[in-house]
Amino acid sequence: MQRQVRTRFAPSPTGYMHVGNLRTALYEYLVAKSHDGKFILRIEDTDQERLVEGAVDVIYNTLKLCGMQHDEGPDIGGPYAPYVQSERKNLYKPFAEELVKKGHAYYCFCTRERLDALRTEAEAKNQTFMYDRHCLKLSRAEIDEKLKSGVPYVIRQKMPREGSTTFEDAVYGSIAVENNMLEDQILLKSDGLPTYNFANVIDDHLMDITHVVRGSEYLSSTPKYNLLYEAFGWEIPVYIHLPLIVKPDGSKISKRKGDATFEDLLKMGYLVEAVINFIALLGWSPDSNQEIFSLAELEKAFNIKNISKSPSSFDMDKLKWFNAQHIRAMSPERFHDLALPYLTESITNKDIDLRKVSRILQARTEVLTDIPSKVGFFDELCDYDLNIYVHKKMKTTFENSLSSLKEALPVLDAIDDWNETAIHDSLMSLIERLGIKNGQMLWPVRTAITGWEVTPGGALEIADILGKTETIRRIKIGIERLENALSASR
RNA sequence: GGCCCCAUGGUCAAGAGGUUAAGACACGGCCCUUUCAAGGCCGUAACGGGGGUUCGAGUCCCCCUGGGGUCACCA
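I will try to describe carefully the structure that is included in this document. (Residues numbered from 1 in each chain as written. Chains lettered and ligands numbered in written order. Predicted model: local features only at pLDDT ≥ 70, side-chain atom pairs only at ≥ 80, totals over all residues. Heavy atoms only, no water.)

1. Quick notes on the environment of Gly78
Inclusion rule: To qualify as a helix, a DSSP run of H or I must reach at least 4 residues; to qualify as a strand, a run of E must reach at least 2; elements of each kind are numbered from the N terminus. Exposure classes here rest on a 1.4 Å probe applied to the protein chains alone. A residue is buried below 20% of its type maximum, exposed above 50%, and partly exposed in between.
Tracing the chain through its elements places Gly78 in the loop between α2 (55–66) and α3 (89–102). Here Gly78 falls in the partly exposed class, since its relative accessible area comes to 36%. For Gly78 and Tyr92, which are 14 residues apart along the polypeptide, the C-alpha to C-alpha distance reads 20 Å.

2. Observations concerning the protein's contact with RNA strand B
Stated formally: Nearness is judged by heavy atoms alone; a residue qualifies as near a molecule or strand once a single heavy atom is within 4 Å of it. Any pair of N or O atoms that falls within 3.5 Å is considered a polar contact. Within protein, one atom must be able to donate a hydrogen and the other to accept it, and sequence-neighbouring residues count only if both atoms are side-chain atoms. The classification used treats Ala, Val, Leu, Ile, Met, Phe, Trp, Tyr, Cys and Pro as nonpolar, Asp, Glu, Lys and Arg as charged, and all other residues, Gly among them, as polar.
Around RNA strand B lies a shell of 62 residues, among which Thr46, Lys189, Glu291, Arg364 and Gly457 are the nearest. The sugar-phosphate share of atoms of RNA strand B within 4 Å of the protein amounts to 69%. Ser190 is positioned with one of its backbone polar atoms (N or O) 2.8 Å from a base oxygen of RNA strand B. Between RNA strand B and Tyr196 there is a distance of 2.9 Å, counted from a phosphate oxygen to a backbone nitrogen or oxygen. Breaking the surface near RNA strand B down by element, the ones donating at least two residues are α4 (112–124), β6 (173–178), α6 (196–206), β11 (312–313), α11 (316–329), α17 (438–450) and α18 (459–466). Looking at the surface near RNA strand B, its residues break down into 22 nonpolar, 21 polar and 19 charged.

3. Here's the deal with the packing of helix α12 (residues 332–346) against helix α13 (residues 354–361)
Each packed pair of helices is defined by two parameters, the angle between the axes and the distance between the axes. How we decide: An axis is simply a line fitted to the C-alpha atoms; with a helix, the fit covers only the stretch in contact. Between two such axes, the angle follows the N-to-C directions and lies from 0 to 180 degrees. Oblique is the label for any angle not under 35 degrees, not over 145, and not in the 65 to 115 range, which are roughly parallel, roughly antiparallel and roughly perpendicular in turn. Working rule for contacts: check all heavy atoms of both residues, and any pair within 4.5 Å makes them a contact.
Close contact between α12 and α13 brings their axes to 10 Å; oriented N to C, the two are set at 110°. Here α13 runs roughly perpendicular to α12, going by the angle between their axes. Facing α12, whose interface residues are Phe335, His336, Ala339, Leu340, Leu343 and Thr344, α13 presents Leu354, Arg355, Val357, Ser358 and Leu361. Residues of the contact of α12 with α13, tallied by class, amount to seven nonpolar, three polar and one charged.

4. Let's talk about the sheet that holds strand β7 (residues 186–188)
Going by this rule: Paired strands, as defined in this entry, are two strands with at least two bridges between them according to DSSP.
Taken in spatial order, the three strands make up an open sheet running β3-β4-β7, and their pairing is antiparallel. Across the chains shown, the open sheet's two edge strands, defined by having one partner strand only, are β3 (105–108) and β7. Direction aside, the axes of adjacent strands within the sheet are offset by 40° on average. Relative to β7, strand β4 (residues 154–157) runs antiparallel, the two sharing two bridges. Across the sheet, residue Arg156 finds its bridge partner in β7, namely Ile186. Contacting β3, β4 and β7, α3 crosses the sheet at an angle of about 110° to β3.

5. Notes on the pattern of salt bridges
Applied cut-off: One speaks of a salt bridge when a side-chain nitrogen belonging to Lys or Arg is within 4 Å of a carboxyl oxygen belonging to Asp or Glu.
Tallied over the full model, the rule gives 26 salt bridges. A salt bridge links Asp259 to Lys247; the nearest nitrogen and oxygen atoms lie 3.3 Å apart. With Asp259 in the loop between β10 (245–246) and α8 (262–267) and Lys247 in the loop between β10 and α8, this residue pair connects regions lying 12 residues apart in the sequence. For Lys247, a relative accessible area of 17% gives the class buried. We note a salt bridge from Arg474 to Glu470, for which the minimum N-O separation is 2.6 Å. Of the two residues, Arg474 and Glu470 both sit in helix α19 (residues 468–489), four residues apart, roughly one turn of that helix. Via salt bridges that share partners, Arg8, Glu28, Arg42, Glu44, Arg88, Asp203 and Asp204 belong to a single interconnected network.

6. Things to note about the environment of Tyr27
Along the chain, Tyr27 turns up in helix α1 (residues 19–33). Between the C-alpha atoms of Tyr27 and Lys158, which are 131 residues apart in sequence, the distance is 33 Å. For Tyr27, the contacting residues outside a window of four places in its chain are Val213, Leu242, Ile279, Ala280, Leu282, Gly283, Trp284, Phe302 and Ile307. Among the polar contacts made by the side chain of Tyr27, one reaches the main-chain carbonyl oxygen of Leu282 at a distance of 3.2 Å.

7. Topic: the pairing of β4
Of the two faces of β4, the one lined by Val154 and Arg156 and the one lined by Ile155 and Gln157 are each fully buried. Pairing between β3 and β4: four bridges, direction antiparallel. Counterpart to Tyr106 in the pairing with β4 is Arg156.

8. Section: the packing of aromatic side chains
Short version of the rule: Only Phe, Tyr and Trp rings are paired, with Trp represented by its six-membered ring, and only when their centres lie within 6.5 Å; those with planes under 30 degrees apart are stacked, over 60 edge-to-face, the remainder tilted. Note on criteria: charge over ring means Lys NZ or Arg CZ within 6 Å of the ring centre, with the direction from the centre no more than 35 degrees off the ring normal.
Within the structure shown, the criterion is met by 17 aromatic pairs. Geometrically, the ring pair formed by Phe377 and Trp452 is edge-to-face, given 5.0 Å between the ring centres and 65° between the ring planes. Linking Phe377 in helix α14 (residues 376–379) with Trp452 in the loop between α17 and α18, this pair joins segments that are 75 residues apart in sequence. For Trp452, a relative accessible area of 25% gives the class partly exposed. Through a chain of ring-to-ring contacts, three or more aromatic side chains come together here, namely Tyr27, Trp284, Phe293 and Phe302. In this structure, Arg481 is placed above the aromatic ring of Tyr384, and the distance from its NZ or CZ to the ring centre is 4.7 Å.

9. Description of the side chain of Thr365
Locating Thr365 in the fold gives a position in the loop between α13 and α14. One polar contact links the side chain of Thr365 to the main-chain carbonyl oxygen of Leu361, over a distance of 2.8 Å. Once residues lying within four places of it in the same chain are set aside, the contact partners of Thr365 are Ala324, Ile327, Phe335 and Ile371.

10. Looking at helix α16 (residues 420–434)
Here is the rule we go by: The span expected for a helix works out to 1.5 Å for each residue beyond the first.
Taking 1.5 Å of rise per residue, 15 residues should cover 21 Å, and α16 covers 21 Å from first to last C-alpha, within 8% of that figure. For α16, the elements touching its buried residues are α15 (398–413), α17 and α18. The N-cap residue of α16 is Asn419: its side-chain oxygen and the backbone nitrogen of Thr421 are 3.0 Å apart. Note on α16: the residue one or two positions beyond its end, Gly435, has a positive phi of about 70°.

This is the structure in structure tokens:
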């Protein structure tokens, strides 16, 4: 019996969720769920200078919205509580001290000033700065003395000087790094809190995390973590480093550069499930050619071996397509619920049946925010350029448009039970009787009742939605305007 | 710059030595059609370069080039 798979999403509360982070969360969730494992949420807030109010709620909301319910976390507790690093603050120091005793770490009393000076100096010489191990040379007595007199200190990891460290990654394979490239990184900060680099190892071990999933930007610091696990004699987790999601220009998606966050995408009219579907396929591909996935389907299809190594770029066109696919696939009821707030932005006329508008819109909507600009003509008929009556392919002119409208008027007026079928039947038999092409009747009618060159839906659907009175009124306006134009030109 | 990673059409990507090098987005065309969509059909378009290994290389090795990541008392 193997250990139960446990993954963890360990964001720092920054107040927003960018898509790279969200994808990491998704893959962590999928790795766990595809193995019947547990998905844990842990908040990494050891940077006291970057605390953001309400930021943790953003994380909860996002996971909830996406349907990636965590099995353990700060809000719901669990056997490894607490799940917030700042609430675990007292737990890390003894581990750091243990490392000092074992000779894998040491106290460092260097001031920031000294470090900064060293760094500046190195930069001036165009060298890579690396801590000079100044405090490693301190004697036992000197250390005790400084400790006793309360000199601020940090604890640094002592890296081996020789040899190399190798680690295995489930997607990148075996990676080796020369130990002399590893800096004696800080484990415990002078405020007593651990750095991410330390806390993450301690917590992953304490919380029994079996698979560490994170972005490939952590690849280069992973050897240091391995050394830590080894120093403690702990079992090393499976590492799953994910290729980066980059922008179309190839650069990293970064916070603070105005790149769209998950929240932004929702505001832009994208669906949660479309975003999830899209990012699931950025860096992973299924065994089949299937492209449209629900979260539940992803849980079944996901596997670690199909994660790719190369970075992929976030293509809004493709996202838009996924969004359109999900919109088309949903029930008319759900689409209507989603569309409603956008519809009411440009339709205030209470006589318009918004449910019917939704129906003609569903196949024509790629993002929800497209909606308001598509339906304004329902609300009121604006002034329009008469030239739109003239359509080459429909073979329409001012003259035959006018005559079609005049013919249509009494026929429509005669309909008692105004509905799409009745309108259809009346107009179609009229067309047959007149012996003209459908377009020669329907194009002018649609033009007259909308005033727009392009509309969602055709003459019949729109006439039905507008209602008899309004349809007739608009056709009369069309007739009048066309007559005026024709008599003026004579 | 040091170290690490990556490299198939514009984009996402299949491909695990022998394929006419899938599929999708975007783009173009055609069909359907009362506009626009949706849908259907068709098309343009790729293995970065050079050396090896092999009967045979997109697939394996090396070099180059290009791109990215990382070098904090941030995570």
